[in-house]
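Survey of secondary and tertiary structure
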Amino acid sequence: MMVAVGWLSLLSFTAHAGAGPGKGEKPVLVLAADALAKRQLAKASAVAAQMARTVPSGEPQARSLLRLVDALYQDLQFDGAGVALQLAAHCEPISITDQAQLGLRRGLLQMESIDEAGARRAFQEALSLERTARLPAFAPPKTAELLEEIRSALLPPPPPALAAVPKPPPAPEPEPAPSLRSWAWAPAAGGAAMGVAGGALYLLAKGNYDRLARHDPALATMEQVLATAQAGQVQQACAVVLFGAGGAALATAAVFAFRGEPGSFQASVQVGPAPGVVVMGVFP
């Protein structure tokens, strides 16, 4: 159980020891060892005396006192840590950081005394000196959570900065796709040309058929008859092909002309034999 240490007993001690670490003043750890011995805390006094003999050269008084308080706390000597902490006045001059750390140790010990209200006040005072001050790593999780709760209340998170995001450059307008209507003349011209060629071949095939049908006297031999028939068949086949291709080309030209926009249609063309085609043969 932690023993409360009154300021009156401390003042009677400090009146004898002096007000600060001046010339001839005892180091704070020696003062702590004497104070702990007077409080009949022999074990804590021995720890302070041992640390007083091994103080690093040039170490500030406040740092020495913090090391002693931490050592006693971790050794569960809370009474001794409380007595030692009361000697903070002998550490002047003292930095803001060390003042804040001493305030955190007061809150740490008050939490061990189940005095959460006192711990809150001590933590608030310490954070008012240094908002980023933190407890040592050995502090209990509940005590560390209380400190962070108070820190969050004192330091609300700043609103996120709204970074100026430059507007993206406007996307270039897509170039207009060429209209199919402007290309309708090409298949129309091709279809017309193939129609004319097919008609010419058809007329030649018809002429050869007529010669065979009327038994043209010029076809005197069987070889001439066969040659005329074969020529007529080739001309007829070519005419059929040209008629079909020309018809498909004209149909494509019509689709281009009336639908106009690319991708707006699907055309299918079926090519079949032209009506009225004369089938040529060899007649006896």
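All values reported here derive from a predicted model rather than from experimental measurement. (Residues numbered from 1 in each chain as written. Predicted model: local features only at pLDDT ≥ 70, side-chain atom pairs only at ≥ 80, totals over all residues. Heavy atoms only, no water.)

So, on to the environment of alanine 218. Structurally, alanine 218 can be placed in the loop between helix H9 (185-213) and helix H10 (222-259). Setting aside residues up to four positions removed in sequence, alanine 218 forms contacts with Arg211 and Gln224. (Helix = DSSP H or I, 4+ residues; strand = E, 2+ residues; numbered from the N terminus. Contact = heavy atoms within 4.5 Å.)

Next up on the list: the packing of aromatic side chains. Following the criterion strictly, the structure yields 2 aromatic pairs and no others. Relative to phenylalanine 78, the ring of tyrosine 73 has its centre 5.1 Å away and its plane inclined at 50 degrees; by these criteria the two rings are tilted. By the burial criterion, tyrosine 73 is buried, and phenylalanine 78 matches it. Ring pairing ties together the aromatic residues Tyr73, Phe78 and Phe138, which thus form one cluster. (Phe/Tyr/Trp six-rings, centres within 6.5 Å; stacked < 30°, edge-to-face > 60°. Buried < 20%, exposed > 50% of the residue type's maximum accessible area, 1.4 Å probe, protein only.)

Moving on, we come to the nonpolar core. With 41 residues, the main nonpolar core has Leu65, Leu68, Leu72, Leu104 and Phe123 as its most contacted residues. Those elements that place two or more of their residues in this core are helix H2 (28-38), helix H3 (42-52), helix H4 (61-74), helix H5 (78-85), helix H6 (96-112), helix H7 (116-129) and helix H8 (141-154). Those residues in contact with phenylalanine 123 that sit more than four places away from it in its chain are Leu104, Gly107, Leu108, Leu135, Thr143, Leu146, Leu147 and Ile150. (Core = buried A, V, L, I, M, F, W, Y, C linked by side-chain atoms within 4.5 Å.)

Within the secondary structure, serine 95 is located in the loop between H5 and H6. According to the relative accessible area criterion, serine 95 is partly exposed, its value standing at 33%. C-alpha separation for the pair serine 95 and alanine 62, spaced 33 residues apart in sequence, amounts to 8.5 Å. A polar side-chain atom of serine 95 sits 3.2 Å from the main-chain amide nitrogen of aspartate 98. (Polar contact = N/O pair within 3.5 Å; in protein donor to acceptor, adjacent residues only side chain to side chain.)

The subject of this paragraph is the pattern of salt bridges. Summed over the entire model, instances satisfying the criterion amount to 10 salt bridges. Note that arginine 63 and aspartate 98 form a salt bridge whose closest N and O atoms lie 2.6 Å from each other. Taken together, the residues arginine 63 in helix H4 and aspartate 98 in helix H6 connect sequence positions 35 residues apart. Arginine 63 gets classed as partly exposed once you look at its relative accessible area, which sits at 40%. Overall, the relative accessible area of 5% leaves aspartate 98 in the buried class. Residue arginine 120 is joined to glutamate 149 by a salt bridge in which the shortest nitrogen-to-oxygen separation is 3.0 Å. Highlighted residues: arginine 120 in helix H7 and glutamate 149 in helix H8, separated in sequence by 29 residues. Taking relative accessible area as the criterion, arginine 120 reaches 26% and is therefore assigned partly exposed. Salt bridges linked by common partners bring Glu116, Arg120 and Glu149 together as one network. (Salt bridge = Lys/Arg side-chain N within 4 Å of Asp/Glu carboxyl O.)

A few words now on H7. For H7, spanning 14 residues, the distance from its first C-alpha to its last is 20 Å, which sits close to the expected 20 Å at 1.5 Å a residue. Those residues of H7 that fall on the buried side of the exposure criterion are Gly118, Ala119, Ala122, Phe123, Ala126 and Leu127. Down the axis of H7, the smallest arc covering the buried residues is 165 degrees, so these residues share one side. Against H6 and H8 lie the buried residues of H7. (Expected span 1.5 Å × (residues − 1). Arc of directions from axis to C-beta.)

Put simply, the protein has an average pLDDT of 77, and 75% of its residues get 70 or more. Low pLDDT, under 50, characterises residues 1-20; the stretch is placed with 31 contacts to residues that sit more than four places away or in other chains. The low-confidence segment residues 262-284 (pLDDT under 50) makes 34 contacts with residues lying over four places distant or belonging to another chain. (pLDDT = per-residue confidence, 0-100.)

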